[in-house]
Amino acid sequence: MTQDKHTPYRENIPAYAIGALDADEIAVLEAHLKTCASCQIELAEFRALSEALLMAVPPVSPPAALRQRVQRRLPHVHKSPRPRQIFSLNSALGLAVILLFVLNLLSFIQLQEAQRRQDKLLKHLEDTQLALMFLSSPDVRRLPLDSEKVAGALLLDEQRNQAILIARNLPPLAENQAYQIWLIEPDEERISLGLFRPEEGETYTLQILSPSQPFENYLGIGVTIEPAGGSERPSGERIIKVDF
């Protein structure tokens, strides 16, 4: 065998001595070493040199950048990428992004809930202040509720064309139901004045009524239980009636 044919094997001997060859190159070189005495001697020399260097210097892990540069300079040696580590890093970043999104979403929901409660409290305070103003006004009529189940009153201010319905102990509603308020006309026709559904846990409800026509044009109001979307005419049980 000529010197030129030995060259590819001898170029890989240093990498073989430090364990830097891949499996295919190792198999080819070891098959050659079985029949080539000169390459066996060169391999033994490299191993002896490597062991001497290891004994003379305390073991220190080389920097990753230095190791990569050395391996790139070795013939036929290419460090394979580490997709598993890259995948792990990408997975960690992805989980961090998802966690941050979930935390922000929870904070947003909590903020919305706090804002809703604050708005509800402010409206309740405003309605209560209006009811107190009605009660202190000499022009407001206090009309009792005609009901066997509900206690309360209708505060009617005909000059301002406003009224406040205060009702306690309203019967509980099903999920698909609501209370509907009706204005009673002289011909006994009913005109819807809107829907309401008391908040869960409330002991009383306070509803402000402001019809487009003066209250003096009507005989009274009634409250019935209707489907959640309301009805064109009263169809459910009448809970409250107030005569003007």
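Here the structure is a predicted model, which means the values were calculated and not measured.

Enquirer: Looking at this model, I keep getting lost on the sheet that holds strand 1 (residues 141-144). Mind explaining?
Expert: Strands belonging to one sheet form pairs held by backbone hydrogen bonds; the direction of such a pair is parallel or antiparallel. Pairing is antiparallel in the open sheet, where 4 strands are placed in the order 1-2-3-6. Sheet topology places strand 1 and strand 6 (204-209) at the edges, where each strand pairs with a single neighbour. Across the sheet, the mean angle separating the axes of adjacent strands is 20° when strand polarity is ignored. Direction of pairing for strand 2 (residues 151-157) relative to strand 3 (residues 162-168): antiparallel, over a ladder of 7 bridges.

Enquirer: Help me understand the nonpolar core, please; the structure alone is not making it clear to me.
Expert: Nonpolar side chains tend toward joint burial in soluble globular proteins. Of all hydrophobic cores here, the largest spans 23 residues; its most connected members are Leu154, Leu170, Tyr179 and Ile240. For this core, the secondary-structure elements that each account for two or more residues are strand 2, strand 3, strand 4 (177-184), strand 7 (220-227) and strand 8 (238-243). The residues contacting leucine 170, other than those within four sequence positions of it, are Val150, Tyr179, Phe196, Pro198, Thr205, Ile239 and Ile240. In terms of nonpolar packing, the next biggest core, distinct from the first, is built from 9 residues, Ala15, Leu21, Leu29 and Leu43 among them.

Enquirer: What is the right way to read the sheet that holds strand 7 from this model?
Expert: Strand order in the open sheet made by the 4 strands is 5-4-7-8, with antiparallel pairing throughout. At either end of the open sheet lies a strand with only one pairing partner, and these are strand 5 (190-196) and strand 8. Pairs of neighbouring strands in the sheet enclose a mean axial angle of 25°, with direction left out of account. The pairing of strand 4 with strand 7 spans 8 bridges and is antiparallel. Within strand 7, the position partnered with alanine 178 by the bridge is glutamate 226.

Enquirer: Quick question: what am I supposed to make of the environment of glutamate 189 here?
Expert: With respect to the helices, strands and loops of the structure, glutamate 189 is situated in the loop between strand 4 and strand 5. Residues glutamate 189 and tyrosine 218 lie 29 residues apart in sequence; the distance between their C-alpha atoms is 9.8 Å. In contact with glutamate 189, not counting residues within four places along its chain, are Leu183, Ile184 and Arg233.

Enquirer: Can you help me understand the side chain of glutamine 207 in this one?
Expert: Within the secondary structure, glutamine 207 sits in strand 6. A polar contact is formed between the side chain of glutamine 207 and the side chain of threonine 205, at a distance of 3.0 Å. With residues near it in sequence (within four places) discarded, glutamine 207 still touches Ala163, Ile164, Leu165, Ile181 and Phe196.

Enquirer: Looking at this structure, I do not really get unusual backbone geometry. What am I missing?
Expert: A negative phi angle characterises most non-glycine residues, just as the trans form characterises most peptide bonds. Backbone geometry places asparagine 169, a non-glycine residue, at a positive phi of 60°. Structurally, asparagine 169 can be placed in the loop between strand 3 and strand 4. The class of asparagine 169 is partly exposed, set by a relative accessible area of 48%. Here glutamate 188, not a glycine, exhibits a phi torsion of approximately 70°, which is positive. For glutamate 188, a relative accessible area of 45% puts it in the partly exposed group.

The rules behind these values
Residues numbered from 1 in each chain as written. Predicted model: local features only at pLDDT ≥ 70, side-chain atom pairs only at ≥ 80, totals over all residues. Heavy atoms only, no water. Pairing = 2+ DSSP bridges. Helix = DSSP H or I, 4+ residues; strand = E, 2+ residues; numbered from the N terminus. Axes fitted to C-alpha atoms, helices over the stretch in contact; angles between N-to-C directions. Core = buried A, V, L, I, M, F, W, Y, C linked by side-chain atoms within 4.5 Å. Buried < 20%, exposed > 50% of the residue type's maximum accessible area, 1.4 Å probe, protein only. Contact = heavy atoms within 4.5 Å. Polar contact = N/O pair within 3.5 Å; in protein donor to acceptor, adjacent residues only side chain to side chain.

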